Amino acid sequence: MKLKLIFTVVFAYASISLFAQSSSYKQSIGVRLGSGYYDAAAAAYKTFITKPGALEFDLGIRPYSRHANDWVNVSFSGVYQHHFDIKPVEGLKWFIGGGVVVSNSFSDNKDRRGFNLGLFPTGGADYKFAKIPLSVSADIRPTINVTEAYDYYDRVYPNVGVSARYTF
């Protein structure tokens, strides 16, 4: 049993060492959990197009159940983020930017279905671990609806999120 435990620990350490990266990365993929109207959970992909500039794309879902009405939002968002180092912490950056979200609400209730389009500024922080291929971030995206299927948030709604992504 001890030999198996030692082997597992050595294997895990060797795997992490093989995939260890610096505190910067080119691309990442993972999950974003949000408080927003259009996504509670999203698959997140981020790629740097310049040293400070990145594009992030999220494919999200948000189920609702309210007053005997059930519906679900499916969304896609794209955002540009411009990053700035936070010295002296290696791998920690803050960012600002903006983006767009498109979503569709699906429901048996015709008052709760349809197309939504929103624009948002964004700001947040991103941290890339130096020894493992993982980045974590937190952001805020106060979204302004351009087109909405129904008046759930009366045109403006907050969206705060956290992400964890595998970097490569």
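Residues numbered from 1 in each chain as written. Predicted model: local features only at pLDDT ≥ 70, side-chain atom pairs only at ≥ 80, totals over all residues. Heavy atoms only, no water.

1. Re the nonpolar core
Part 1 of the argument: The biggest cluster of nonpolar side chains holds nine residues, and these are Tyr-37, Tyr-38, Tyr-64, Trp-71, Val-79, Val-101, Phe-120, Tyr-150 and Tyr-157.
Part 2 of the argument: The contacts of Tyr-157, once residues within four sequence positions are left out, are Tyr-37, Tyr-38, Val-101, Arg-141, Pro-142, Thr-143 and Asn-145. (Core = buried A, V, L, I, M, F, W, Y, C linked by side-chain atoms within 4.5 Å. Buried < 20%, exposed > 50% of the residue type's maximum accessible area, 1.4 Å probe, protein only. Contact = heavy atoms within 4.5 Å.)

2. What about the confidence of the model for the protein?
Part 1 of the argument: In this model, the protein carries an average pLDDT of 86, and 83% of its residues clear a pLDDT of 70 or more.
Part 2 of the argument: In the predicted structure, residues 5-21 sits below a pLDDT of 50 and forms 11 contacts with residues beyond four places in sequence or in another chain. (pLDDT = per-residue confidence, 0-100.)

3. Topic: the pairing of strand β6 (residues 114-128)
Part 1 of the argument: Judged from the 14 bridges that link them, strand β5 (residues 92-107) and β6 form a sheet pairing that is antiparallel. By the bridge assignment for β6, Ile-96 is matched with Gly-123.
Part 2 of the argument: Hairpin connection of β5 to β6: six residues between the antiparallel strands.
Part 3 of the argument: As paired elements, β6 and strand β7 (residues 134-140) share six bridges and run antiparallel to each other. Looking at β7, one finds that Lys-128 is bridged to Ser-135.
Part 4 of the argument: Between β6 and β7, which follow one another and run antiparallel, lie five residues. (Pairing = 2+ DSSP bridges. Helix = DSSP H or I, 4+ residues; strand = E, 2+ residues; numbered from the N terminus.)

4. A word on the packing of aromatic side chains
Part 1 of the argument: Applying the stated criterion across every chain, the model contains seven aromatic pairs.
Part 2 of the argument: Here the aromatic rings of Tyr-25 and Phe-48 are separated by 5.2 Å at their centres, their planes lie at 85°, and the arrangement is edge-to-face. You can see Tyr-25 sitting in the loop between α1 (2-19) and β1 (27-34) and its partner Phe-48 sitting in strand β2 (residues 41-48), a full 23 residues away along the chain.
Part 3 of the argument: A residue is classified by how much of its surface remains accessible, and Tyr-25, at 11% relative accessible area, is buried.
Part 4 of the argument: Aromatic pair Phe-57 and Phe-76: ring centres 6.1 Å apart, planes at 10°, arrangement stacked. On the criterion of sequence distance, the pair formed by Phe-57 in strand β3 (residues 53-66) and Phe-76 in strand β4 (residues 69-85) is long-range, its members being 19 residues apart.
Part 5 of the argument: Taking relative accessible area as the criterion, Phe-57 reaches 31% and is therefore assigned partly exposed.
Part 6 of the argument: Assessed through its relative accessible area of 40%, Phe-76 is described here as partly exposed.
Part 7 of the argument: Here the basic side chain of Lys-46 rests over the ring of Phe-95, its NZ or CZ set 5.2 Å away from the ring centre. (Phe/Tyr/Trp six-rings, centres within 6.5 Å; stacked < 30°, edge-to-face > 60°. Lys NZ or Arg CZ within 6 Å of the ring centre and 35° of its normal.)

5. Section: the pairing of strand β10 (residues 160-167)
Part 1 of the argument: Alternating residues of β10 divide into Gly-161, Ser-163, Arg-165 and Thr-167, all buried, and Val-160, Val-162, Ala-164 and Tyr-166, none buried.
Part 2 of the argument: Across seven bridges, the pairing between β7 and β10 is antiparallel. Bridge pairing in β10 links Asp-139 to Gly-161.

6. Some points on the pattern of salt bridges
Part 1 of the argument: Under the criterion given, the structure shown has nine salt bridges.
Part 2 of the argument: Between Asp-58 and Arg-141 there is a salt bridge whose closest N-O contact spans 3.1 Å. A residue pair is termed long-range when its members are at least 10 positions apart, and Asp-58 in strand β3 and Arg-141 in the loop between β7 and β8 (143-147) qualify at 83 residues.
Part 3 of the argument: The exposure class of Asp-58 is buried, given its relative accessible area of 1%.
Part 4 of the argument: Across the pair Arg-165 and Asp-126 runs a salt bridge whose closest N-O atoms are separated by 3.0 Å. Highlighted residues: Arg-165 in strand β10 and Asp-126 in strand β6, separated in sequence by 39 residues. This pair shows no difference in class: Arg-165 is buried, exactly as Asp-126 is.
Part 5 of the argument: In this structure, a network of salt bridges that share partners links the residues Arg-32, Asp-39, Glu-56, Asp-58, Asp-139 and Arg-141. (Salt bridge = Lys/Arg side-chain N within 4 Å of Asp/Glu carboxyl O.)

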